[in-house]
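Listed here are the chains, written in short residue letters.
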Amino acid sequence: MDFWCEVDKKKLYSNIDIIRNRVGDKKIVAVVKGNAYGLGIGGISKYIESKVDLFGVATLDEANKLKTQKDILIMSPVCSIPTTPKSNYIFTIDSFNDLNKFKKNTKYRVHIYLDSGMNRLGIKANELDKLLTDLKENYPSIKVEGLYTHLHNATNIEETKKQIFMFRNICEKYIGIIPNFHCLNSKGIVNDELLSEASFTNIVRAGNALYGYDGTNVGIQKVFSIKAKVIKQYTIETDGYIGYGAKRKVKAGTKVGVLPCGTIDKLTYIKNVKTNMVKDCLKAVKSHIKPSTYMYYKGKPIFELCTPNMNCTLIDLTNIETDSKDIIVELSMGSILLDSSIEKRYI
Ligand SMILES: *Cc1c(COP(=O)(O)O)cnc(C)c1O
């Protein structure tokens, strides 16, 4: 294929090492939902399996895709519950309504999801006692192994510290009853204050920090690059227009390259990976003067000649000097929207 996503395993492992060093003896849940943030749930989970403690997914479907003996935390309470659950599956309960999905007298492992301010999912703290009593009396085959919540505003350190403190007060009531408590996702893991505020927890859940979207401040690196090979090159012979709608002019002598990817590959939807704040600011200023781009050849910016079409994009190669027939362009876009059919190369 001429359009692919490369995953650098060394960087992935280095990110895990950084996370491991930061969290000490807490268990690491590698969050591989959303097809491992677009990087391929099969490949990613295979390569990191021996380096993490659990996997985290959003749905039962995703759990079923994992070939692992490690525990899998299914983080969505809206997931369907199988009648013969695998012994490494851990389900999430977030309300009384969930309970009738569980088959009586079948062993299930669960974590309870607590709402601590996001108002998305989760049970309210004042209902927790009742839920635990209900579970104990009516569902003795369901084993509650954990209590967790989610940080939804972790860039606001002060507010998040309060949220963690509140979660801590709740957890303290259940020490000795529930063995695992967790609340930190990537932003919490890479922040010293939040990490220390959550010292009472014994599990962390890392997604963005695994793949390089969070944590550049502590040395986390982006693990992927999205690349496309120029599949055709030609030189414009006479001045004219290029692309749909004849909106953009091209001059004779312009060297055109065709990339085999376009809007269907979400080329116009860019979730930038933050590399450096100063650089980002400079980029913003520069893009006022010079057109901005998301395409690079050997680090040098390359510009589109017109807006991307459904499955191809025309780029300007006029000033690109190369003898190589293979021009490989790197696209600076997020991995999250990558279609699962896009080839992944784990190098
Ligand atoms: C997606 C998700 C995570 C991972 O969050 P990151 O910010 O990517 O680390 C952690 N916990 C829950 C409940 C999630 O849904």
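Report follows, based on the coordinates. (Residues numbered from 1 in each chain as written. Predicted model: local features only at pLDDT ≥ 70, side-chain atom pairs only at ≥ 80, totals over all residues. Heavy atoms only, no water.)

1. Notes on the site of the ligand
To be explicit about the condition: Definition of nearness: a residue and a molecule or strand are near each other if at least one heavy atom of the residue lies within 4 Å of the molecule or strand. Polar contact is defined as a pair of N or O atoms within 3.5 Å, subject to the rule that within protein one atom must be able to donate a hydrogen and the other to accept it, and that residues adjacent in sequence are counted only when both atoms are side-chain atoms. Here the accessible surface of atoms and residues is derived via Shrake-Rupley with a 1.4 Å probe, and residues count as covered only by protein chains that are part of the display.
Taken together, Val31, Lys33, Tyr37, Met75, His150, Asn185, Ser186, Arg205, Ala206, Gly207 and Asn208 make up all the residues around the ligand. The separation between an oxygen atom of the ligand and a polar side-chain atom of Ser186 is 2.5 Å. One of the side-chain nitrogen or oxygen atoms of Arg205 is found 2.7 Å away from a nitrogen atom of the ligand. When isolated, the ligand has an accessible area of 390 Å², and the protein chains bury 91% of it.

2. Let's talk about the packing of helix H1 (residues 9–23) against helix H3 (residues 41–48)
Stated formally: Fitted lines through C-alpha atoms give the axes, limited to the stretch in contact for helices. The angle between two N-to-C directions lies from 0 to 180 degrees. Strands are runs of DSSP state E lasting at least two residues, helices are runs of H or I lasting at least four, and both sets are numbered from the N terminus onward. Here is the rule for angles: anything less than 35 degrees is roughly parallel, anything more than 145 is roughly antiparallel, 65 through 115 is roughly perpendicular, and the remaining ranges are oblique. Each crossing gets its handedness from the near helix: less than a right angle anticlockwise from the far helix is left-handed, clockwise is right-handed. Pairs of residues are marked as contacts when any of their non-hydrogen atoms sit within 4.5 Å.
At a closest axis distance of 11 Å, the pairing of H1 and H3 adopts a crossing angle of 60°. Between H1 and H3, the crossing angle belongs to the class labelled oblique. Considering how the two elements wind past one another, H1 and H3 form a crossing that is right-handed. On the side of H1, the interface is formed by Lys9, Leu12, Tyr13 and Ile16, while H3 contributes Ile44, Tyr47 and Ile48.

3. Observations regarding the nonpolar core
Rules: Here, the term nonpolar core denotes a set of buried Ala, Val, Leu, Ile, Met, Phe, Trp, Tyr and Cys residues that are joined through side-chain atoms within 4.5 Å. Residue exposure (1.4 Å probe, protein chains only): buried if accessible area is under 20% of the type maximum, exposed if over 50%, otherwise partly exposed.
By size, the foremost hydrophobic cluster in this structure holds 99 residues, and its most contacted members are Leu147, Leu184, Tyr211 and Leu331. Ignoring anything within four residues of it in the chain, the contact list for Leu147 reads Ile112, Leu114, Leu128, Phe167, Ile170, Cys171, Tyr174, Ile178, Asn180, Phe181 and His182. In terms of nonpolar packing, the next biggest core, distinct from the first, is built from eight residues, Ile236, Val250, Val256 and Leu305 among them.

4. Some remarks on the pattern of salt bridges
What counts is decided by this rule: Just to be clear on terms, a salt bridge is a Lys or Arg side-chain nitrogen sitting within 4 Å of an Asp or Glu carboxyl oxygen.
Under the definition given, this model contains 17 salt bridges. Asp326 is paired through a salt bridge with Lys229; the nearest N and O atoms lie 3.7 Å apart. With Asp326 in the loop between strand S17 (313–316) and strand S18 (328–331) and Lys229 in strand S10 (residues 224–229), this residue pair connects regions lying 97 residues apart in the sequence. Owing to a relative accessible area of 41%, Asp326 belongs among the partly exposed residues under this scheme. The structure contains a network of salt bridges with shared partners spanning Asp71, Arg109, Lys143 and Glu145.

5. With respect to the pairing of strand S3 (residues 54–57)
Keep this limit in mind: We call two strands paired when DSSP finds no fewer than two bridges between them. A clockwise course of the path from the first strand over the helix to the second, judged with the strands pointing away from the viewer, identifies a crossover as right-handed.
Side chains Leu54 and Gly56 of S3 all project onto a buried face; the interleaved residues Phe55 and Val57 project onto the opposite face, where all are buried too. For S3 and strand S4 (residues 71–74), the ladder comprises four bridges, and the chain directions are parallel. Bridged to Val57 within S4 is Ile74. Note on the crossover from S3 through helix H4 (residues 60–65) to S4: the handedness is right-handed.

6. Here's the deal with H1
Under the convention used in this document: Here the expected length of a helix is defined as 1.5 Å per residue gap, with one fewer gap than residues. Regarding the arc, it is the one traced by the directions from the helix axis to the C-beta atoms.
Relative to the 21 Å expected for 15 residues at 1.5 Å per residue, H1 spans 21 Å between its end C-alpha atoms, a close match to the ideal helical length. Where H1 is concerned, the buried positions are Leu12, Asn15, Ile16, Ile18, Ile19 and Val23. In a view along the axis of H1, the buried residues occupy a sector of 160°, so they form one face of it. More than 90 degrees from the buried face of H1, the exposed residues found are Lys10 and Asn21. Taken together, the buried residues of H1 touch strand S2 (27–31), H3, helix H8 (186–189), helix H9 (192–197), strand S9 (203–206) and helix H10 (208–211). Where H1 begins, the capping side chain belongs to Asp8, and its oxygen is found 3.0 Å from the backbone nitrogen of Lys10.

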